Amino acid sequence: MRVFVAGGAGYIGSVTTAALIEAGHSVVVFDNLRQGHRQAVQQQATFVQGDLLDTTALDQAFRDHGPFDGVMNFASHTLVGESMQHPEYYLRDSVSAGINLLTATVQYKVPAFILSSTANLFDAPETIPIAETERIVPGSPYGEMKWWMERALGWYERIFGLRYGALRYFNACGCTPTIGEDHDPETHLIPLILQVALGQREQISIFGDDYPTRDGTCVRDYIHVLDLAAAHILTLEALVAGGASRHYNLGNGSGFTVKEVIDAARKVTGHPIPAQVVERRAGDPAVLIAAADTIRRELGWQPAYTSIEAIIASAWEWHRQHPHGYAK
Ligand code: UFG
């Protein structure tokens, strides 16, 4: 397959690009490098620096490098907390960027589209683990934006016949030996814990220990980025083969508390990792665990990283080799 990967220099996009190349596909990465890293993009991929808000550059990329069998969209603002401060980055910019990409996708007759969606669609789950049939309650403008994009895909299917996969990641984490997680600012639990182990941060803050969970801290479903990459490839292959559009929740199906993640990181790194309980972070639901049975059943997806220690060990390996991320 020839695949257009928007946001292919970001964390999940770059790992998926590498996995596509390893599976023998050809990839064109389109990324503005605002959050992504040029070093994260495999040499075998064609790299185009451009912004989805720049429709001329986008059009040019489709004309110069197509035709494509599929489009993947990893490009968007990605932080729940930021979206509560700057909803316009999400409800205006990321939506416009996404619609521009959808417009080019149908204009250049690409048959299949994969959207990075999110567990933030499920802010008030009635049933845990969370299935695709769960009621959609976006937890922030970030989740709202992803929901708008999922609904836009429904319209593009109805109007233009575009087939799509909406992949709702739970907590993406872990690294490959060569591609890691390097956000600025970093807000995610595992890389922050590893900064403590690297001596770059004195302690990890635990955001609240009065949730209705086994130790009072939030429970999340941590899913390795390589397993997410595999889900993208399987989904795109199914769509390109003529399969119907689909929504999948992607997680391991088991949850770990913040304290359990810190304990696992202590084991993996051998560092005491001091922790302090602080106030809850606004907007954090108590428990998010995926029921990922649909993609398992339909596509045979099987996460390879099911132990939290193995996930953290993969991240620790990369962060030790790149203590200051890609830049330095
Ligand atoms: N946490 C801490 N201390 C920290 C950082 C995080 O206790 O310093 C806790 C959070 O409260 C949460 C858990 O660790 O309970 C995981 O937090 P992350 O920030 O790593 O991830 P989130 O669960 O907030 O967010 C992730 C993705 C989002 C996605 C969301 C869906 O990063 O893109 O899951 O719920 F929208």
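The rules behind each value
Residues numbered from 1 in each chain as written. Predicted model: local features only at pLDDT ≥ 70, side-chain atom pairs only at ≥ 80, totals over all residues. Heavy atoms only, no water. Helix = DSSP H or I, 4+ residues; strand = E, 2+ residues; numbered from the N terminus. Rg over C-alpha atoms; globule rule 2.2 N^0.38 Å. Contact = heavy atoms within 4.5 Å. Areas by Shrake-Rupley, 256 points an atom, 1.4 Å probe, with all protein chains shown as cover. Buried < 20%, exposed > 50% of the residue type's maximum accessible area, 1.4 Å probe, protein only. 1 Å grid on protein atoms, 1.4 Å probe; cavity = no way out; pocket = protein on both sides within 12 Å on 5 of 7 lines; lining within 4 Å. Points joined across faces, edges and corners; volume = space filled by probe spheres on them. Nonpolar A, V, L, I, M, F, W, Y, C, P; charged D, E, K, R; others polar.

Another point: the overall build of the protein. When you go through the protein residue by residue, the secondary structure sums to 10 helices and 14 strands. For 328 residues, the compact-globule estimate of 2.2 N^0.38 gives 20 Å, and the protein sits close to it at 19 Å. Taking contacts inside the protein between residues at least 6 apart in sequence as the whole, the part at least 24 apart equals 77%. If you sum the accessible surface of the protein, you get close to 13900 Å²; carbon and sulfur atoms cover 50% of it.

What follows is about helix α6 (residues 189-197). Of all nine residues in α6, nine are buried, a share of seventy percent or more. Restricting attention to buried positions, one finds in α6 the residues Leu 189, Ile 190, Pro 191, Leu 192, Ile 193, Leu 194, Gln 195, Val 196 and Ala 197. Residues of α6 that are buried make contact with β7 (171-173), β8 (204-207), β10 (222-224), α8 (258-269) and α10 (308-321). One or two residues past the end of α6 sits Gly 199, with phi positive at roughly 80°.

Okay, empty space enclosed by the protein next. Summed over the entire model, instances satisfying the criterion amount to one cavity of 30 Å³ or more. As for the largest cavity, its lining consists of Asn 73, Ala 75, Ser 76, Ser 94, Gly 98, Leu 115, Met 145, Lys 146 and Met 149. A per-element tally of the lining of the largest cavity places helix α5 (residues 141-160) first, with three residues. When the residues that make up the lining of the largest cavity are grouped by side-chain class, the tally is four nonpolar, four polar and one charged.

Next up on the list: the layout of surface pockets. Approximately 600 Å³ is the volume attributed to the second largest pocket. Contributing to the lining of the second largest pocket are 25 residues, with Asp 182, His 183, Asp 184, Pro 185 and Glu 186 lying nearest its centre. Here the lining of the second largest pocket is built from residues that sort into seven nonpolar, 11 polar and seven charged.

Shape descriptors only; they carry no functional weight alone.
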